[in-house]
Amino acid sequence: MNILTLSNSIRLKSNLKLLLLLSILFTFSCKKKELQILGVPTIQDSQTIYPVIPEFEYFNQDSQRISLQSLGYNIHIASFFFTSCPTICPKVMRSMSRIADLFADKNNISYLCFSLDSKRDSIPRLKEYYDKVGLNNKNFHLLRGIDMNDSKKLAQHYLSTASEDPEAAGGINHSGWILLVDKNRHLRSYADGTNTEDVDRFIGDIKILLNEKN
Amino acid sequence: MKQFFFFAIIILFVSCKFSTSTYKSGKNLYENYCSSCHGKTGEGLGQWYPSLKDTQYLKSNRNLIPLWIIHGIQPDSSSIFKGRFNLVEMPANKSISEADLCNLLNYINEEYWQFKSYELQEVSTMIKQFNADQKH
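Residues numbered from 1 in each chain as written. Chains lettered and ligands numbered in written order. Predicted model: local features only at pLDDT ≥ 70, side-chain atom pairs only at ≥ 80, totals over all residues. Heavy atoms only, no water.

A. Highlighting the overall build of chain B. Helix and strand counts for chain B come out as 6 helices and 0 strands. Counting from the amino terminus, chain B carries its helices and strands in the arrangement α-α-α-α-α-α. Here the contacts in chain B between residues at least 6 apart in sequence split such that 51% fall between residues at least 24 apart. Accessible surface computed for chain B: about 8,400 Å², of which carbon and sulfur atoms make up 59%. (Helix = DSSP H or I, 4+ residues; strand = E, 2+ residues; numbered from the N terminus. Contact = heavy atoms within 4.5 Å. Areas by Shrake-Rupley, 256 points an atom, 1.4 Å probe, with all protein chains shown as cover.)

Below, the structure written as structure tokens:
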């Protein structure tokens with residue numbers, strides 16, 4: 001009896017060792033980082049469903065109607081801004097412009113900057129901003145907002161916030177995230193657009209997404 | 001002895017340039033209030049957020065720059081300073097102290113312009129003169 005338990009425990013130990021070895025091998029073979037789907041999933045009919053960016057349609061700086069459909073459900077990178085914002089927007093826009101320049105040869109990425117200031121940011125003003133900031137990329141769209149209510153709802157889908165705030169510089173409070181959305185309208189990564197190092201990491205995530213097969 | 005003086009001068013020069021409290025204060029102010037639009041190294045972004053490296057234009061406006069920082073630049077026609085590109089507002093900083101303003105100006109000047117440095121007395125006079133002119 002005693003001998004049996006001893007041999008059992010030895011077998012268990014060697015099994016554990018094997019397991020450990022396998023798991024080490026496994027982690028090394030899975031060096032490639034994969035992007036998770038962000039957001040809180042719901043379970044429906046025993047299927048895990050992740051939130052998606054809802055369909056929308058806005059005018060861009062050239063009065064074109066831009067929707068996820070018109071963009072062919074390609075990868076897009078999104079941020080929120082307004083042209084008279086004196087605080088974080090210039091930094092975020094600088095990052096967006098840097099990313100767009102880096103992937104200038106990739107036609108399957110769109111850059112969407114949603115304006116939160118429907119009162120001041122008319123289409124001609126967005127056009128002027130586009131020209132004078134020097135964005136110069138046909139996949140770069142500055143989108144005219146409808147009203148703050150609509151912007152608030154949209155921002156929530158992008159895990160961002162936006163609100164009117166007379167105390168805030170420029171009158172609008174909002175977050176400075178830059179977000180990565182895949183072909184299935186799932187959020188896959190985000191970065192603080194005011195933080196250069198974080199944006200560098202985000203650029204790595206875009207490359208990972210571009211290499212995904214589906 | 002000669003060598004000692006040589007090193008002393010170098011140390012003095014380096015310390016004046018990089019570690020004085022006025023330089024640090026100016027740098028701090030720049031990073032908190034200016035760098036978002038004008039960039040970490042004064043590069044700006046297109047014409048919407050003007051670069052601080054256009055020394056020719058800025059040199060010809062050396063004595064107006066302190067007032068721009070205080071009163072801001074507003075593109076509408078009724079404003080005092082309309083700016084060169086007439087595009088976007090530069091926010092006013094009416095509560096900035098004269099000493100802070102001076103440190104900020106000298107930081108920017110040292111980094112990007114190399115004009116004549118701003119003296120506190122001189123900046124103070126510019127502001128008083130401007131305020132007196134506005135009343136008339």
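B. Here's a closer look at the side chain of Ser-67 of chain A. All names here are of chain A. Mapping Ser-67 onto the fold places it in strand 4 (residues 65-67). The exposure class assigned to Ser-67 is buried, which follows from its relative accessible area of 10%. Beyond its immediate stretch of four places on either side in the chain, Ser-67 contacts Phe-56 and Glu-57. (Buried < 20%, exposed > 50% of the residue type's maximum accessible area, 1.4 Å probe, protein only.)

C. Summary view of helix 3 (residues 123-133) of chain A. Residues and elements named next belong to chain A. Looking at helix 3, one finds that the buried residues are Ile-123, Arg-125, Leu-126, Tyr-129, Tyr-130 and Val-133. Taken end-on, helix 3 shows its buried residues confined to a sector of 160°, consistent with a single buried face. Just past helix 3, the residue Gly-134 takes up positive phi, approximately 80°. (Arc of directions from axis to C-beta.)

D. How the structure looks around unusual backbone geometry. Residue and element names in this part refer to chain A. The phi dihedral of Tyr-73 is positive, around 50°, even though this residue is not glycine. When you line up the elements, Tyr-73 lands in the loop between strand 4 and strand 5 (75-81). Take Tyr-73: its relative accessible area is 30%, and that puts it in the partly exposed class. With a phi angle near 65°, Arg-185 is a residue other than glycine that sits in the positive phi range. Inspection of the secondary structure assignment puts Arg-185 in the loop between strand 10 (177-181) and strand 11 (187-192). With relative accessibility at 23%, the residue Arg-185 sits in the partly exposed group.

E. Highlighting the sheet that holds strand 7 (residues 140-143) of chain A. All names here are of chain A. On the basis of which strands lie adjacent, the open sheet formed by 5 strands has the order 7-6-5-10-11 and mixed pairing. Here the strands that pair on one side only, and so sit at the sheet edges, are strand 7 and strand 11. Sheet twist, expressed as the average angle between the axes of neighbouring strands with direction ignored, equals 20°. The sheet contact formed by strand 5 and strand 6 (residues 109-115) spans 7 bridges and is parallel. By the bridge assignment for strand 6, Ile-75 is matched with Ile-109. Along the sheet, helix 2 (residues 89-102) makes contact with strand 5, strand 6, strand 7 and strand 10, crossing strand 5 at roughly 160°. In the packing of helix 5 (residues 196-210) onto the sheet, contacts are made with strand 5, strand 6, strand 10 and strand 11, and the angle to strand 11 comes to roughly 160°. (Pairing = 2+ DSSP bridges. Axes fitted to C-alpha atoms, helices over the stretch in contact; angles between N-to-C directions.)

F. Focus on the layout of surface pockets. Residues and elements named next belong to chain B. Reported here for the largest pocket is a volume of approximately 1,000 Å³. Lining the largest pocket are 47 residues, and of these Cys-34, Cys-37, His-38, Met-90 and Pro-91 lie nearest its centre. Among the elements of the structure, helix 2 (21-38), helix 3 (55-59), helix 4 (65-71) and helix 5 (98-113) are those that each provide at least two residues to the lining of the largest pocket. Counting residues per element, the lining of the largest pocket draws most heavily on helix 2, which supplies 9 residues. (1 Å grid on protein atoms, 1.4 Å probe; cavity = no way out; pocket = protein on both sides within 12 Å on 5 of 7 lines; lining within 4 Å. Points joined across faces, edges and corners; volume = space filled by probe spheres on them.)

G. Structural context of the state of the cysteines. Inspection of every chain in the model, using the stated rule, returns 0 disulfides over all chains. Summary of cysteine pairing: Cys-37 of chain B is not part of a disulfide, and the nearest cysteine sulfur, belonging to Cys-85 of chain A, is at 7.5 Å. (Disulfide = S-S within 2.5 Å.)

H. Quick look at the interface of chain B and chain A. Listed per partner, the contact involves 16 residues of chain B and 15 residues of chain A. Interface of chain B and chain A: buried area, both sides summed, is about 1,300 Å²; carbon and sulfur atoms make up 56% of it. Counting the surface chain B buries against chain A, the share from its top three residues, Ser-36, Leu-45 and Trp-48 of chain B, is 45%. With a closest N to O distance of 3.7 Å, Arg-94 of chain A and Glu-43 of chain B form a salt bridge. In this structure, the connection of chain B to chain A is made through 7 residue pairs in polar contact (both at pLDDT 80 or more). Taken together, the residues of the side of chain B that touches chain A break down into 7 nonpolar, 7 polar and 2 charged. (Buried area = accessible area lost by both parts, 1.4 Å probe. Salt bridge = Lys/Arg side-chain N within 4 Å of Asp/Glu carboxyl O. Polar contact = N/O pair within 3.5 Å; in protein donor to acceptor, adjacent residues only side chain to side chain. Nonpolar A, V, L, I, M, F, W, Y, C, P; charged D, E, K, R; others polar.)

I. Representation of the packing of aromatic side chains in the model. All names here are of chain A. All told, the structure shown has 17 aromatic pairs over all chains when counted by the stated rule. Judged by centre distance (5.7 Å) and plane angle (20°), the rings of Tyr-111 and Phe-140 are stacked. Here Tyr-111 is found in strand 6, whereas its partner Phe-140 is found in strand 7, with 29 residues between them in sequence. Considered together, Tyr-111 and Phe-140 belong to a single accessibility category, that of buried residues. When the centroid spacing of 5.1 Å and the interplanar angle of 80° are considered together, the rings of Trp-177 and Tyr-190 count as edge-to-face. With a gap of 13 residues between them, Trp-177 in strand 10 and Tyr-190 in strand 11 connect regions that are remote in the sequence. (Phe/Tyr/Trp six-rings, centres within 6.5 Å; stacked < 30°, edge-to-face > 60°.)

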